[in-house]
Amino acid sequence: MSTKASGTFDVTSFAPEVLDEGPGAALGRARITKAFEGGLTGTSTVNMLTVAEIEGSPAAYVAVERFTGELDGLKGSFVLQHSAPGSHGEQIAIRVVRGTGSDDLAGITGSFEIIQSEDGGHSYVLEYSLG
């Protein structure tokens, strides 16, 4: 049986770097930090690889994100894996990496959804199980 946790997060830092600008696309990476409130209370660090169209529009990304803090009062950390195959309506998939939970969150599995509002704010829904 799974449980849902939801809330908001703020991006507290964003440090992008262009690695390769070639015909048709620019390849880059970014380090991002976030602060979470709600069911998740804590911080995360994201390490992302990106592909951007020459006009600067995002085209695809992959990332790993380590969350540290509390989930519904349980302390620990876990890693999320992001996969976004494109920016033309393709579905972004974010999942908890099996075996990465620590302390009270050992055995966590699940999926994570990011919701971006029209005003630029971010909220999330984490559907998880502890095993």
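Structure: above.
Per-chain numbering applies: the sequence of each chain, read as written, is numbered from 1 onward. The predicted nature of this model means local features are confined to residues of pLDDT at least 70 and side-chain atom pairs, given and counted, to a pLDDT of 80 or more, with totals for whole chains, interfaces and linings taken over all residues. Working from all heavy atoms in the structure, the side-chain values ignore hydrogens and water.

A.B. asks: Just to check I follow, could you spell out the overall build of the protein chain for this structure?
C.D. replies: By the criteria applied, helices consist of DSSP H or I runs no shorter than four residues and strands consist of E runs no shorter than two, each listed in order from the N terminus. Within the protein chain, the secondary structure is distributed over zero helices and eight strands. Counting from the amino terminus, helix and strand elements in the protein chain follow one another as β-β-β-β-β-β-β-β. Here the C-alpha radius of gyration of the protein chain, 15 Å, is about what a compact globule of 131 residues would show, namely 14 Å. Counting only C-alpha atoms, the protein chain reaches 50 × 30 × 25 Å along its principal axes. Residue burial considers only the protein chains on display, and all accessible areas are found by Shrake-Rupley using a 1.4 Å probe. When the accessible surface of the protein chain is totalled, it reaches about 7,600 Å², and 52% of it is carbon and sulfur. When charges are counted, neither His nor the chain ends are considered; positive counts come from Lys and Arg and negative counts from Asp and Glu. Note on charges: their place is set at NZ of Lys, CZ of Arg, CG of Asp or CD of Glu. Taken together, the 8 basic and 17 acidic charged side chains of the protein chain have centroids lying 10 Å from each other. The size measure is the radius of gyration over C-alpha atoms, and the globule rule it meets is 2.2 Å times the number of residues to the 0.38 power.

A.B. asks: Please explain the layout of surface pockets as it appears in this structure.
C.D. replies: Empty space among the atoms can be located by rolling a probe the size of a water molecule over them. A 1.4 Å probe that fits but cannot get out identifies a cavity on a 1 Å grid over protein atoms alone, an open set with protein on both sides within 12 Å along at least five of seven lines counts as a pocket, and a residue lines either if it has an atom within 4 Å of a point. Grid points are joined across faces, edges and corners, and a volume is the space filled by probe spheres set on the points. Put simply, the largest pocket is a space of about 990 Å³. Lining the largest pocket are 39 residues, and of these Ile32, Met48, Pro58, Tyr61 and Ile92 lie nearest its centre. Mapped onto the lining of the largest pocket, the elements with two or more residues apiece are strand S1 (3-22), strand S2 (25-38), strand S3 (40-53), strand S4 (58-71), strand S5 (74-84) and strand S7 (108-116). Any residue outside Ala, Val, Leu, Ile, Met, Phe, Trp, Tyr, Cys, Pro, Asp, Glu, Lys and Arg is labelled polar, Gly included; the first ten of those are nonpolar and the last four are charged. Among the residues forming the lining of the largest pocket, the class breakdown is 24 nonpolar, nine polar and six charged.

A.B. asks: Help me out: how do you make sense of the pattern of salt bridges in this one?
C.D. replies: Pairing between side chains becomes possible if they bear opposite charge and their charged atoms approach one another. Each reported salt bridge corresponds to a side-chain nitrogen of Lys or Arg within 4 Å of a carboxyl oxygen of Asp or Glu. Summed over all chains, the structure comprises two salt bridges. Note that glutamate 17 and arginine 29 form a salt bridge whose closest N and O atoms lie 2.9 Å from each other. One end of the pair, glutamate 17, is in strand S1; the other, arginine 29, is in strand S2, and 12 residues separate them in sequence.

A.B. asks: Teacher, can you tell me more about the pairing of S1 here?
C.D. replies: Two faces, one strand: in a regular strand the side chains alternate between the faces of the sheet. We treat two strands as partners when DSSP finds at least two bridges between them. Across seven bridges, the pairing between S1 and strand S8 (residues 122-130) is antiparallel. Across the sheet, residue threonine 3 finds its bridge partner in S8, namely tyrosine 128. Note that S1 and S2 share 14 bridges and pair antiparallel. Looking across to S2, one finds that proline 16 is bridged to alanine 30.

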